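# A look at the structure
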Amino acid sequence: MGRWIWVLVFFAQASVGFCEDAETGDWIPQWTLYAVAVFIGAIVSFFLNRMARSNRKVILAGSARPGEVIYKQDIQNTIDHGLASVVSSKTQRSQIVHNLSSVVSEKVNQKIAEVTTELQNKYETALAEKEKEQEVVQLKYKNVVQEKNQSEAILQSLAEGLVVVNSKGDVVMMNPAAEKILGVQKDKKIGHPLQEDMKEEGVISMVNETKAKGEKVVEFSSAQQETRKIIRSSSAIVENENGQTVGMVSVLTDITKQRDLDRLKNQFVSNVTHELRTPIVATQKALDVIIDKAAGPITDDQARFLDIARRNMDRLNRLINDILDFSKLEAGKMTLEFASVGPGQVVEEACTALSMWASSKEILLERKVAADLPEVRMDPHRVIQVINNLVSNALKFTPKGGRVTVEVKRSSSGQEVEFSVEDTGIGIAKEDLRKVFERFLQVGERRQTDVSGTGLGLSIAKEIVELHGGRIWVESEKGKWTRFLFILPIAK
């Protein structure tokens with residue numbers, strides 16, 4: 001408010017020309033006017049400061065222009081009261097009061113008008129921004145509602161059951177397929193644990209099965225075979241933006257019929273293969289007796305044909321053994337007889353059994369066994385089966401004059417023993433590398449004279465290695481070489 005004092009001083013000085021005492025006709029001294037102006041300025045400053053602090057309401061004069069703020073009367077009264085002790089002439093005092101109050105009122109009204117305009121502009125700007133924000137919010141709300149409706153429609157039409165639970169295990173969402181699979185009603189399950197009040201007494205706890213992330217198979221046992229169910233549950237943990245677990249979503253699939261069909265298929269295959277083994281073994285023994293000339297002399301042509309028959313019987317026997325092993329692995333019934341065995345021992349036994357075949361194809365079969373290898377906890381017969389399978393494949397895909405190398409050494413980590421079978425054969429295309437361990441699938445190109453198989457050998461080898469807690473993989477370059485590697489943990 002200090003700047004108003006100087007404004008008042010200026011106007012007081014300018015008003016000296018008409019400040020004449022009407023009664024005596026004498027001019028008021030200039031210093032008196034300065035003193036009066038300063039005094040009035042102080043009063044006005046005090047008055048304005050008081051009005052600003054108390055935030056008094058605006059008083060609009062009836063004759064004022066629209067929007068003009070009038071404090072004039074209050075200002076005049078205050079100035080006149082202050083001048084009464086300095087200027088005795090009422091006329092002169094009135095003139096000074098009028099001039100000063102006009103200036104002050106004009107400046108105050110001007111300032112108030114500026115502030116009002118500024119506030120109005122800010123209000124209009126804020127209002128426009130608010131309207132834009134509301135439009136954005138409404139658009140987002142419409143999109144969210146649309147997406148919600150689409151998601152609900154998809155969930156309702158899913159053939160698989162979908163169950164979502166929170167961190168406490170209470171159900172927060174369930175679709176009709178899940179209600180049908182579990183035999184429950186959604187309205188009674190929302191907000192309650194899934195296993196609560198289940199109808200069947202023998203049901204396996206869903207909470208225990210779905211606490212772990214991944215795929216689980218849950219069997220609903222029952223006294224009646226018709227009501228037995230086998231459910232596959234694929235679960236995933238739901239986390240918030242901070243990485244905290246807030247719930248879990250599970251997709252449920254009724255695989256009861258599928259499991260029944262698989263069981264019947266496996267049972268049929270097992271029965272057939274077991275029935276076939278008896279005549280095959282008998283035929284093999286008979287062929288061995290004839291080829292060894294124990295039943296009488298045979299000609300060279302007869303011996304050649306009998307040898308062909310024996311080799312095909314051996315092949316048929318291997319096929320049956322593969323099917324039996326595959327059935328055991330699928331049913332989870334393959335048992336392993338673990339023992340601490342030296343890796344070099346199983347490599348030597350496997351290579352000895354195949355050395356004659358390698359010689360007949362004029363392929364060099366090499367063995368590279370590192371010294372001082374630790375023992376490995378394994379089922380030696382099954383590991384020999386794995387090595388036999390890998391070496392057999394190498395011999396099939398390696399042309400005459402090639403080389404097959406079987407190597408065993410300690411792995412780079414020092415905690416496992418690494419086995420490898422490398423050949424100089426035709427190799428495997430890059431796009432086929434990921435498919436070599438699939439069941440009933442044979443990749444690569446062989447000559448027609450090669451012995452074909454069931455396509456189960458590598459998948460069985462993979463299962464056996466994994467049952468030992470190991471890992472198997474393949475490396476190859478098309479047209480040059482192939483290397484199969486697997487590692488087994490060292491015996492502790």
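Thresholds applied
- Residues numbered from 1 in each chain as written.
- Predicted model: local features only at pLDDT ≥ 70, side-chain atom pairs only at ≥ 80, totals over all residues.
- Heavy atoms only, no water.
- Phe/Tyr/Trp six-rings, centres within 6.5 Å; stacked < 30°, edge-to-face > 60°.
- Helix = DSSP H or I, 4+ residues; strand = E, 2+ residues; numbered from the N terminus.
- Buried < 20%, exposed > 50% of the residue type's maximum accessible area, 1.4 Å probe, protein only.
- Axes fitted to C-alpha atoms, helices over the stretch in contact; angles between N-to-C directions.
- Parallel < 35°, antiparallel > 145°, perpendicular 65-115°, else oblique.
- Left-handed = near helix turned anticlockwise from the far one by under 90°.
- Nonpolar A, V, L, I, M, F, W, Y, C, P; charged D, E, K, R; others polar.
- Core = buried A, V, L, I, M, F, W, Y, C linked by side-chain atoms within 4.5 Å.
- Contact = heavy atoms within 4.5 Å.
- Expected span 1.5 Å × (residues − 1).
- Salt bridge = Lys/Arg side-chain N within 4 Å of Asp/Glu carboxyl O.

## Side note on the packing of aromatic side chains
Applying the stated criterion to the full structure yields two aromatic pairs. With 4.8 Å between their ring centres and 5 degrees between their planes, F419 and F486 make a pair best called stacked. Placement of F419 in strand β10 (residues 416–423) and of F486 in strand β12 (residues 481–489) is noted, with a sequence separation of 67 residues between them. Of the two residues, F419 and F486, neither departs from the other in class, the shared state being buried. On the numbers, 6.1 Å between centres and 85 degrees between planes, the contact of F437 with F484 is edge-to-face.

## Describing the packing of helix α8 (residues 256–291) against helix α9 (residues 300–331)
Packing of α8 against α9 leaves a shortest axis separation of 9 Å and a crossing angle of 155 degrees. With respect to their mutual orientation, α8 and α9 come out roughly antiparallel. In this structure, α8 crosses over α9, and the sense of that crossing is left-handed. Among the residues forming the contact of α8 with α9, the class breakdown is 13 nonpolar, nine polar and seven charged.

## Let's talk about the nonpolar core
One finds V346, I387, F419 and F486 to be the most contacted residues of the largest nonpolar core, which totals 45 residues. It is helix α11 (residues 380–397) that provides the largest number of residues to this core, a total of eight residues. If we ignore the near neighbours within four places in the chain, the residues touching I387 are V346, V347, A350, F419 and F486. If you look at the next biggest cluster of nonpolar residues, it comprises 12 residues, including V163, I181, L182 and L252.

## Re α8
Over its 36 residues, α8 runs 52 Å from end to end, which matches the ideal 52 Å to within 8%, given 1.5 Å per residue. Residues T256, N266, T273, I280, Q284, L287 and I291 constitute the buried set of α8. Where α8 is buried, its residues contact β4 (229–239), β5 (245–254) and α9. Where α8 ends, the next residue or the one after it, K293, has phi of about 65 degrees, a positive value.

## Quick notes on the pattern of salt bridges
Evaluation of the coordinates by the stated rule reveals 15 salt bridges. Note that R304 is salt-bridged to D301, the shortest N-O span being 2.9 Å. Of this pair, R304 and D301 are both found in helix α9, three residues apart, which corresponds to roughly one turn of the helix. Residue classification places D301 among the partly exposed positions, given a relative accessible area of 44%. Ionic pairing is found between E466 and K462, a salt bridge with its closest N-O pair at 2.8 Å. Of this pair, E466 and K462 both sit in helix α12 (residues 457–467), four residues apart, which is roughly one turn of the helix. The class of K462 is partly exposed, set by a relative accessible area of 27%. The network of salt bridges with common partners includes D288, D307, R310 and R311.

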